[in-house]
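# Descriptive structure summary
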Amino acid sequence: LDSDKGARQALFVVEKETRTNVLLLGAMHYNPQSIALVTNAVDELAHQGKLAAVVLETCERRWQRTMEIQEPGTILRAVLDNEMQAAAELAQTAGVPVILGDQEARELGPAAAEVLKETVVDFFTPFSGGWSRLQEDIVGGYQRCFSTDGTGLKMGDLFDARLLLGLPVTLVRYPLAFLIKAPNKFIPLVTVLGALAALPSLVPTGEVTVDGEYVASQAEIITSGIFFVLDLLEPVVILRLVLITLLQRRNEILASNIREACRHAKGKGDTVVAVL
């Protein structure tokens, strides 16, 4: 495709069973560069008559909410412009199916809670194999998600200059969309984060001795210890949640739905586009 030349987030593969072309488009949600990449690729395939289907990394529940809030032609559709709706609208115009291929949102919460529980237990049980399990999951998850042979997605692809230029737009649109679509989750989250940030300022301070030496209060010592443990635990939790819950398990579901779309492709030259 002319539209994806030089794009580090576009990858052509051939589905092994059906020999159907699959174009994987990695997107940074709400990023203008990602929107342009998806729009150009889907539009080009549609005009060539080679577009078989578009698979979106979203589920029925999230998609319905998006369509309710950001109905085509509305102000919010323009303000919260995104690659998913751009691809879906082009596919619908071309008369090809739009497949919602992601794990259901209601399944993500319990899955994330289970991984969080396992991570905390493993973190505090290093002599019972906990740290070994953490290392295995994080290293293995990274290797599964990022190419080690130069043929697939590489960590450097996330730092594409064009994506980074659009990052400020993403950082405005993403939380705004979260607030509008799920205020019952956004507001408590922001409140908890704000409370944690303000906690150190609420702790009773220590005293300065006559020799000019600062002696921390017991509350300061305890708080510092808690935040030290949290600072160590935070990256481990985030990595395991992202690599296992948000990527590995969802990727398996997405791959299954992409394969199913390939089975329904009408011609050998047809291409299934997956917006991820």
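Quantities reported herein were computed from a predicted structural model and do not represent experimental measurements.

## A few points about the sheet that holds strand β2 (residues 21-25)
- The strand order across the open sheet formed by five strands is β1-β2-β7-β3-β4, and the pairing between neighbours is mixed. Each edge of the open sheet carries a strand with a single partner, namely β1 (10-14) and β4 (98-100). Across the sheet, the mean angle from the axis of one strand to that of its neighbour is 20°, orientation sign disregarded.
- Packing of helix α9 (residues 218-263) onto the sheet brings it into contact with β2, β3 (51-56), β4 and β7 (271-275), and relative to β3 it is tilted by some 165°.

## Here's the deal with helix α6 (residues 130-145)
- An ideal rise of 1.5 Å per residue puts 22 Å on 16 residues; α6 measures up with 22 Å between its terminal C-alpha atoms.
- When we look at burial in α6, the residues that qualify are Gly130, Leu134, Ile138, Gly140, Gly141 and Cys145.
- On the buried face of α6, the contacting elements are α5 (105-123) and α9.

## Section: unusual backbone geometry
- Not every positive phi belongs to a glycine, and Arg19 is a case in point at roughly 60°.
- Positionally, Arg19 belongs in the loop between β1 and β2.
- According to the relative accessible area criterion, Arg19 is exposed, its value standing at 55%.
- Even without being glycine, Tyr30 reaches a positive phi, approximately 70°.
- With respect to the secondary-structure elements, Tyr30 resides in the loop between β2 and α1 (32-48).

## Here we look at the side chain of Arg240
- Within the secondary structure, Arg240 sits in helix α9.
- Exposure remark for Arg240: the relative accessible area of 3% places this residue in the buried category.
- Side-chain polar atoms of Arg240 contact the side chain of Asp122, separated by 3.0 Å.

## A word on a nonpolar patch on the surface
- A cluster of nonpolar side chains, Leu116, Val120, Phe124, Phe228, Val229 and Leu232, forms an exposed patch at the surface whose accessible area comes to about 520 Å².
- Mapped onto the nonpolar patch, the elements with two or more residues apiece are α5 and α9.
- Mapped onto the secondary structure, Phe228 falls in helix α9.
- Here Phe228 falls in the exposed class, since its relative accessible area comes to 53%.

## Considerations on the pairing of β7
- Burial within β7 is extensive, with five of its five residues counted as buried.
- Judged by which residues are buried, β7 turns out to be covered on both faces: Thr271, Val273 and Val275 on one side and Val272 and Ala274 on the other are all buried.
- Pairing analysis gives five bridges linking β2 to β7, with the strands arranged parallel. In the sheet register, Asn21 faces β7, and the bridge partner there is Thr271.
- Of the pairings in the sheet, the one linking β3 to β7 comprises five bridges and is parallel in character. When the bridges of β7 are listed, Val54 appears paired with Val273.

## Structural notes on the pattern of salt bridges
- Scanning the entire structure with this criterion turns up 14 salt bridges.
- A salt bridge links Arg250 to Glu57, with the shortest nitrogen-to-oxygen separation between them at 3.3 Å. A residue pair is termed long-range when its members are at least 10 positions apart, and Arg250 in helix α9 and Glu57 in the loop between β3 and α2 (60-69) qualify at 193 residues. For the residue pair Arg250 and Glu57, the accessibility class agrees, reading buried in each case.

## A short note on the layout of surface pockets
- Space inside the second largest pocket adds up to approximately 190 Å³.
- Around the second largest pocket, the lining is made up of 14 residues, and of these Ala52, Ala53, Pro97, His264 and Ala265 lie nearest the centre.
- Among the secondary structure elements, those contributing two or more residues to the lining of the second largest pocket are β3 and α9.
- Taken together, the residues that form the lining of the second largest pocket break down as eight nonpolar, three polar and three charged.

Here is what the cut-offs are and how they apply
- Residues numbered from 1 in each chain as written.
- Predicted model: local features only at pLDDT ≥ 70, side-chain atom pairs only at ≥ 80, totals over all residues.
- Heavy atoms only, no water.
- Pairing = 2+ DSSP bridges.
- Helix = DSSP H or I, 4+ residues; strand = E, 2+ residues; numbered from the N terminus.
- Axes fitted to C-alpha atoms, helices over the stretch in contact; angles between N-to-C directions.
- Contact = heavy atoms within 4.5 Å.
- Expected span 1.5 Å × (residues − 1).
- Buried < 20%, exposed > 50% of the residue type's maximum accessible area, 1.4 Å probe, protein only.
- Polar contact = N/O pair within 3.5 Å; in protein donor to acceptor, adjacent residues only side chain to side chain.
- Patch = residues over 30% accessible without salt bridge, like charges linked within 9 Å, V, L, I, M, F, W, Y side chains within 5 Å.
- Areas by Shrake-Rupley, 256 points an atom, 1.4 Å probe, with all protein chains shown as cover.
- Salt bridge = Lys/Arg side-chain N within 4 Å of Asp/Glu carboxyl O.
- 1 Å grid on protein atoms, 1.4 Å probe; cavity = no way out; pocket = protein on both sides within 12 Å on 5 of 7 lines; lining within 4 Å.
- Points joined across faces, edges and corners; volume = space filled by probe spheres on them.
- Nonpolar A, V, L, I, M, F, W, Y, C, P; charged D, E, K, R; others polar.

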